[in-house]
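Spelled out, the chains give:
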Amino acid sequence: MKRYLKKSDKPGTGKSESVENRVYSRVVDTSRSMISVINRNYRYERVNRTFTRAHKIPSGKIIGKTPGDLWGREAFERNIKPNLDRCFSGKTVKYEASFDTPLSGKRFFEVSFRPVRTAKGKITHLIAETHDVTSLRSSQKATSELKKELRRMELDYEKRLLDARKLEALGVLAGGIAHDFNNILATVSGYTEMLLEDLPEESPSSHKARQILNAVGRARSLTEQILTFSRQGKQKKEVTSVGKILKESIEFVRAGTPPQVIIRTEIISGEVNVMADPAQLFRIFLNLMTNALQAMEGKAGTLSVGLAVVNGSELESELRKEKVAPRYALITFRDTGSGIDRAVMQKIFDPFFTTREIGKGTGLGLSVVHGTVSDMDGEIFVSSRKNKGTLFRLLLPVVINKIQ
Amino acid sequence: MAAILLVEDELELKEMLKIALARRSFTVIEAENGREAIARFRPGITDLVITDLIMPEEDGLKVIIKVREVKPSVRIIAISGGGKAGPGNYLSLAKALGADAVFSKPFSIAELLKKAEELLEIEQ
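Residues numbered from 1 in each chain as written. Chains lettered and ligands numbered in written order. Predicted model: local features only at pLDDT ≥ 70, side-chain atom pairs only at ≥ 80, totals over all residues. Heavy atoms only, no water.

Enquirer: Would you take a moment to explain the overall build of chain B for this structure?
Expert: On a plain count of helices and strands, chain B comes out with 5 helices and 5 strands. Element order for chain B, N to C, with α for helix and β for strand: β-α-β-α-β-α-β-α-β-α. For chain B, the proportion of its 124 residues judged to be buried stands at 51%. In chain B, 66% of the contacts between residues at least 6 apart in sequence involve partners at least 24 apart. Entry remark: accessible area of chain B is about 5,400 Å², with carbon and sulfur atoms responsible for 49%. (Helix = DSSP H or I, 4+ residues; strand = E, 2+ residues; numbered from the N terminus. Buried < 20%, exposed > 50% of the residue type's maximum accessible area, 1.4 Å probe, protein only. Contact = heavy atoms within 4.5 Å. Areas by Shrake-Rupley, 256 points an atom, 1.4 Å probe, with all protein chains shown as cover.)

Enquirer: So what exactly am I meant to see when it comes to the overall build of chain A here?
Expert: Broken down by element type, chain A carries 13 helices and 12 strands. Considering chain A as a whole, with its 404 residues, one finds that 40% of them fall into the buried category. Here the analysis covers contacts within chain A between residues at least 6 apart in sequence; of these, 59% occur between residues at least 24 apart. Element-wise, carbon and sulfur atoms account for 54% of the exposed surface of chain A, whose accessible area totals about 23,900 Å².

Enquirer: In this structure, what is going on with the packing of helix α9 (residues 242-254) of chain A against helix α10 (residues 278-295) of chain A? I would like to understand it.
Expert: Helix packing for two helices is described by the angle between their axes and how far apart those axes are. All names here are of chain A. Relative to each other, α9 and α10 sit at 45 degrees, their axes nearing to 9 Å. Compared by their axis directions, α9 and α10 come out oblique. Classified by chirality, the crossing of α10 by α9 is right-handed. Contacts from Val 242, Ile 245, Leu 246, Glu 248, Ser 249, Ile 250, Phe 252 and Val 253 in α9 reach Pro 278, Leu 281, Phe 282, Phe 285, Leu 286, Met 289 and Leu 293 in α10. Along the lines of polarity and charge, the residues of the contact of α9 with α10 split into 13 nonpolar, 1 polar and 1 charged. (Axes fitted to C-alpha atoms, helices over the stretch in contact; angles between N-to-C directions. Parallel < 35°, antiparallel > 145°, perpendicular 65-115°, else oblique. Left-handed = near helix turned anticlockwise from the far one by under 90°. Nonpolar A, V, L, I, M, F, W, Y, C, P; charged D, E, K, R; others polar.)

Enquirer: What is the right way to read a nonpolar patch on the surface from this model?
Expert: Residue and element names in this part refer to chain A. A cluster of nonpolar residues, Leu 173, Ile 177, Phe 181, Ile 184, Val 188 and Ile 212, forms a patch on the protein surface that exposes about 510 Å² of accessible area. A per-element tally of the nonpolar patch places helix α7 (residues 134-198) first, with 5 residues. Here Leu 173 lies in helix α7. Taking the relative accessible area as the measure of exposure, Leu 173 reaches 52% and is therefore exposed. (Patch = residues over 30% accessible without salt bridge, like charges linked within 9 Å, V, L, I, M, F, W, Y side chains within 5 Å. Salt bridge = Lys/Arg side-chain N within 4 Å of Asp/Glu carboxyl O.)

Enquirer: Where do I start with the sheet that holds strand β2 (residues 27-31) of chain B in this structure?
Expert: Each strand in a sheet pairs with its neighbour through backbone hydrogen bonds, running either in the same direction (parallel) or in the opposite one (antiparallel). Residues and elements named next belong to chain B. Reading across the sheet, the 5 strands line up as β2-β1-β3-β4-β5 and stay open at both edges, with parallel pairing between neighbours. A single partner strand is all that each edge strand has here, and the edge strands are β2 and β5 (101-104). Each neighbouring strand pair of the sheet contributes to a mean axis angle of 20 degrees, computed without reference to strand direction. When strand β4 (residues 75-80) meets β5, the two strands line up parallel, connected through 4 bridges. Along β5, the bridge assignment pairs Ala 78 with Val 102. Relative to strand β3 (residues 46-52), helix α3 (residues 60-70) is tilted by about 165 degrees, and along the sheet it contacts β3 and β4. (Pairing = 2+ DSSP bridges.)

Enquirer: Help me understand empty space enclosed by the protein in this model?
Expert: A water-sized probe, rolled over the atoms, reveals where empty space remains. Residues and elements named next belong to chain A. Per the stated rule, a full pass over the model turns up 2 cavities of 30 Å³ or more. The space that makes up the largest cavity amounts to roughly 100 Å³. Tyr 44, Trp 71, Phe 113, Ala 128 and Thr 130 are, among the 13 residues lining the largest cavity, the residues nearest its centre. Of all the secondary-structure elements, those providing two or more residues to the lining of the largest cavity are β1 (34-39), α5 (67-71), β3 (93-101), β4 (105-117) and β5 (123-132). Its residues placed into classes, the lining of the largest cavity shows 11 nonpolar, 2 polar and no charged. (1 Å grid on protein atoms, 1.4 Å probe; cavity = no way out; pocket = protein on both sides within 12 Å on 5 of 7 lines; lining within 4 Å. Points joined across faces, edges and corners; volume = space filled by probe spheres on them.)

Enquirer: How should the packing of α7 of chain A against helix α1 (residues 11-23) of chain B be read in this particular structure?
Expert: Contact geometry for α7 of chain A and α1 of chain B: axes closest at 8 Å, N-to-C directions at 30 degrees. Accordingly, the angle class assigned to the pair α7 of chain A and α1 of chain B is roughly parallel. Note that α7 of chain A runs across α1 of chain B; the crossing there is left-handed. For the pair formed by α7 of chain A and α1 of chain B, the contact residues are Asn 183, Ala 186, Thr 187, Gly 190, Tyr 191, Met 194, Glu 197 and Asp 198 of chain A on the first element and Glu 12, Leu 13, Glu 15, Met 16, Ile 19, Ala 20 and Arg 23 of chain B on the second. Per-class residue counts for the contact of α7 of chain A with α1 of chain B are 7 nonpolar, 3 polar and 5 charged.

Enquirer: Please clarify how the sheet that holds strand β9 (residues 301-311) of chain A should be interpreted in this entry.
Expert: Residue and element names in this part refer to chain A. Strands sit in the order β7-β9-β10-β12-β11 across an open sheet of 5 strands; the sheet is mixed. Looking at the sheet topology across the chains shown, the edges are occupied by β7 (261-267) and β11 (379-385). Within the sheet, the average angular offset between the axes of one strand and its neighbour, ignoring direction, is 15 degrees. Pairing analysis gives 8 bridges linking strand β10 (residues 327-335) to strand β12 (residues 389-397), with the strands arranged antiparallel. Across the sheet, residue Leu 330 finds its bridge partner in β12, namely Leu 395. The strands touched by α9 within the sheet are β7, β9 and β10, with β7 carrying the most contacts at an inclination of about 170 degrees.

What is shown is where atoms sit, not what they do.
See below:
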């Protein structure tokens with residue numbers, strides 16, 4: 001390299017250039033890095049072809065200039081000069097820096113300065129090599145972002161799996177409790193019936209015995225709910241028209257809706273069929289609409305119910321399922337009620353979670369909804385804004401081959 | 001009087017059912033699980049089997065299959081309180097296996113007695 005740096009080798013003195021020098025020039029020119037030779041006065045003495053191409057300035061106009069002339073005075077004083085000085089003191093300097101280039105904006109560079117010594121060890125020049133790593137950087141950044149996203153999805157999946165297992169265990173437990181409870185209830189109701197038989201019709205004790213039977217009836221409906229929850233995944237499914245069930249449930253709810261609440265519907269015409277237990281589907285709709293009405297607490301408001309069909313391809317990122325159905329029935333319930341707290345939002349699908357007073361709700365409603373929907377290979381999404389309202393979106397795979 | 005094999009692992013419930021059946025003058029033979037039930041079943045004596053479904057040892061479905069095999073004319077009532085598969089599934093399975101009637105716990109004892117009498121063709 002030292003030979004290459006000899007004054008006599010400068011361009012323009014090409015006549016005396018040796019073959020060896022031409023080879024060196026060629027090697028240096030074809031490097032993908034910008035290579036330059038800088039003297040003690042911080043001035044360029046030579047630059048390679050990559051350098052001139054990057055700056056779109058011929059080498060003749062660069063020679064004699066300082067890096068500050070090319071990269072800006074501020075960058076020179078702050079960043080370049082201190083490193084050049086370190087190199088002139090005998091060290092090889094490597095660093096990364098970003099520069100605002102006039103031609104292609106902000107770019108990242110790997111910079112190295114290597115001192116060039118004379119035979120006596122005096123540093124007269126340095127070789128600066130500057131490599132553009134912007135695209136490498138951005139691909140690295142993209143990779144690390146991709147890794148982060150992957151990890152997040154993994155964690156999310158693990159959480160879902162854990163939730164599913166918890167729910168399954170809870171289902172088994174709840175099913176067992178319901179079973180034992182039904183046995184106890186059967187004993188209570190059996191003896192009470194015998195008591196009723198033994199008592200004269202007009203006896204005041206008859207009324208009390210009947211009250212026991214009423215209580216047994218209520219307890220029974222509770223164990224039924226628990227069993228429904230524990231039975232998730234074992235529904236009897238058939239081809240069911242979503243629109244029909246939705247309309248029926250709306251009519252059912254409308255009868256008990258306070259006059260200040262308006263129910264708006266937007267249901268697409270034509271059959272939209274899904275595989276479902278019609279009674280369960282009815283219950284899901286009823287549950288979501290009842291919740292919506294309760295969120296409006298008898299104040300004026302609007303409940304908007306919608307049914308549409310969307311393509312599975314549009315939902316891939318949202319569904320995060322291995323198998324996405326070609327088409328989904330999208331059922332929406334939007335209310336203008338009190339909205340759901342962030343803290344509450346995380347738990348709304350948990351079994352036994354309720355915001356109602358103790359004794360006013362079992363907390364099974366939405367967990368049953370969630371379980372039933374999952375069993376239909378569907379998904380349920382909720383979004384809410386405090387005091388603005390809540391939107392429940394239900395996606396159920398549309399049956400393609402309609403059974404004739 | 002007709003003899004009934006009563007199979008129920010829940011002892012309080014079995015006792016209640018025994019009393020209710022005895023009040024109607026039925027002879028009651030008791031069993032606490034499926035294995036005991038199969039052992040105590042006498043084709044010449046037992047007219048009706050009232051069996052729980054989810055039980056330790058052999059379950060109620062096994063009892064139904066066994067007694068039907070030994071005595072096709074025997075009457076069977078299955079009762080269940082549900083469990084991991086829910087009452088509906090077990091009871092419909094019991095029905096498919098040949099139970100004449102199924103009751104989901106808690107049931108009305110009056111209705112159970114009525115059904116027992118109906119199956120045994122007893123004039124009320």
